[in-house]
Amino acid sequence: MSGGTLPEPLRAALADAVGPEHLLTDPALVAPYAQDWTRRWQGSALAVVRPANTPEVAAVVAACAQARVAVVPQGGNTGLVGGSVPGADLGPLGPPVILSTRRLTRLDPVDTASGQLTAGAGVTLGDVQRHAAAAGWEYGVDLAARDSATIGGTVATNAGGIRVIAHGMTRMQVAGIEAVLPDGSVVEHLAGLAKDNTGYDIAGLLTGSEGTLGVITAVRLRLHRPHPPSSVAVVGAASYDDALDLMQSAVQPGVTLLAAEVIDETGMRLASAVSGLPWPLEREHPLVLLLEVADGGQGDGFDPDILGDRDVVLGLDAIERARLWSFRELQSEAFSSLATRECGGAAHKLDVSVPLTSLARCADELRRRMESYPGVVAFGVFGHLGDGNIHVEIVGPDSDDEQVDLLVLEAVAAEGGSISAEHGIGRAKAHLLALSRSPEEIAAMRAIKDAWDPHGLMNPGALIP
Ligand SMILES: Cc1cc2nc3c(=O)[nH]c(=O)nc-3n(C[C@H](O)[C@H](O)[C@H](O)COP(=O)(O)OP(=O)(O)OC[C@H]3O[C@@H](n4cnc5c(N)ncnc54)[C@H](O)[C@@H]3O)c2cc1C
């Protein structure tokens, strides 16, 4: 949605910076950038600008700073917490300019000496994965939105995904960064030195900053040598404790566990209906656990004594692995389609983490709370079991019903968990940050924000309450 009028001097400066064809002001062209993937978050923007390189980003940000117009950086717009689109409540600055990074597609050859790669912020995660693989390397981050999510977006949100158990979060892959700061100046530190103790870690600070401290324009990424081919086991579990026990006991010692995902009965049924895929197991179970191990694709990375008596199916080749993974990868989409079908609205999507020892109790408590909440049509939990990271999906309550979200987040906070495991805070949870961070921590974050961005121009309303 377009909103307000772009002041003439700023329009001229932006058109000059990126070329008139990459300055979008027509409301029909701006609209898709102003609504997020979930369709739950949308706002107004003066324009969308699409710079093609770092000097163009710097010119755009400097022009907006001079005009005191806010900037919302946007990559693939797959974020799930409303951080990539303007807020509905515009605040004193009025409608922002959306800065799309999708034309920042620099992709350098893999540096085989260091096992690193420099990628522009707008390169998709999938393109980085394929580029690394073609050179005999592997990028350690993977998630279902891989062909839309950008490297800049995944760094700005410190994305997690399905390989965290093997390689850690995005932060662990960042070896250097280039970014445009809120005044339009450029910081560049892309050498990727393994040892570099020269003061504050600016790349570390920008990682997870959700567009509030600057626009990331390029990232130096650490790569890994590929694992041997993998095997997947999908196995029925009676409870979270049972699934956690299986995760520890079903994998042979010395074999690398690449993924440990969990899906509940509701999610399995929905994914089966959306994909048309037949039920993968003999029976239905409260939970289904998906384990992937790097064992050469022979299935011998799993302990037959443990899995022998279980309702289990193995995927040993690429097609079978993909078929089994699709039940997990379709979860978010399946709940969204149900919400559209049943209520013409959006599903509530909450991404939380809890200590593994509290997972079963927390999941029970969430189910209890949702069963008694008015209007809930469906409630499901899936996620990254090994990281204690569960995604909670609620269909039924209005999109702007915050009470239902609060019930989930308070239950998680009471267990010592985090209100955002990997999706970030965005606009959705900014006012709830205090559930997971102390007043002193929030004051420190605000001091950094104020020092870097004294006029509050970068992504106002996101992350910092
Ligand atoms: C089907 C599906 C599955 C998903 N699975 C996962 C998952 O497993 N794990 C996970 O962590 N996330 C997951 N996500 C969420 C999402 O893909 C990630 O948050 C991703 O990192 C967002 O990347 P993006 O390029 O789309 O960023 P956007 O959505 O465009 O932006 C996200 C945030 O980053 C900021 N930003 C974007 N680019 C820049 C930049 N260059 N400089 C500064 N700030 C920037 C934005 O302002 C915004 O605050 C999933 C999403 C979908 C739709």
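Structure: above.
Residues numbered from 1 in each chain as written. Predicted model: local features only at pLDDT ≥ 70, side-chain atom pairs only at ≥ 80, totals over all residues. Heavy atoms only, no water.

Participant: So what's going on with the side chain of D36? Which residues, and what values?
Facilitator: Along the chain, D36 turns up in the loop between helix 2 (27-34) and strand 2 (47-49). This buried residue, D36, is left without a salt bridge; R39 holds the nearest opposite charge, at 7.5 Å. One polar contact links D36 to T38, side chain to side chain, over a distance of 2.8 Å. Among the polar contacts listed, one links the side chain of D36 to the backbone nitrogen of R39, at a separation of 3.0 Å. Ignoring sequence-local partners within four residues, the contact set of D36 consists of W41, N77, G79, G82, S84 and V85. (Helix = DSSP H or I, 4+ residues; strand = E, 2+ residues; numbered from the N terminus. Buried < 20%, exposed > 50% of the residue type's maximum accessible area, 1.4 Å probe, protein only. Lys, Arg positive; Asp, Glu negative; His and termini not counted. Salt bridge = Lys/Arg side-chain N within 4 Å of Asp/Glu carboxyl O. Polar contact = N/O pair within 3.5 Å; in protein donor to acceptor, adjacent residues only side chain to side chain. Contact = heavy atoms within 4.5 Å.)

Participant: How would you summarise the packing of helix 13 (residues 359-371) against helix 14 (residues 402-414) if you had to cite specific residues and measurements?
Facilitator: Contact geometry of helix 13 with helix 14 gives a least axis separation of 10 Å together with a crossing angle of 155°. With respect to their mutual orientation, helix 13 and helix 14 come out roughly antiparallel. Crossing geometry of helix 13 relative to helix 14 is assigned as right-handed. In this structure, helix 13 contributes C362, E365, L366, R369 and M370 to the contact, and helix 14 contributes V404, L407, V408, E410, A411 and V412. (Axes fitted to C-alpha atoms, helices over the stretch in contact; angles between N-to-C directions. Parallel < 35°, antiparallel > 145°, perpendicular 65-115°, else oblique. Left-handed = near helix turned anticlockwise from the far one by under 90°.)

Participant: Would you mind going over the site of the ligand in detail, with residue names and values included?
Facilitator: Taken together, 35 residues surround the ligand, and among them P73, G75, T78, G79 and T150 come closest. T150 is positioned with one of its side-chain polar atoms (N or O) 2.6 Å from an oxygen atom of the ligand. At 2.8 Å, a backbone N or O of I216 approaches a nitrogen atom of the ligand. Considering the ligand on its own, with 980 Å² of exposed area, one finds that the protein chains cover 96% of that surface. Broken down by secondary-structure element, the contributors of at least two residues to the shell around the ligand are strand 3 (71-74), helix 5 (151-156) and strand 8 (215-222). No other element matches helix 5, which puts 4 residues into the shell around the ligand. Along the lines of polarity and charge, the residues of the shell around the ligand split into 12 nonpolar, 21 polar and 2 charged. (Near = heavy atom within 4 Å. Areas by Shrake-Rupley, 256 points an atom, 1.4 Å probe, with all protein chains shown as cover. Nonpolar A, V, L, I, M, F, W, Y, C, P; charged D, E, K, R; others polar.)

Spatial relationships are all this shows, so hold off on functional conclusions.
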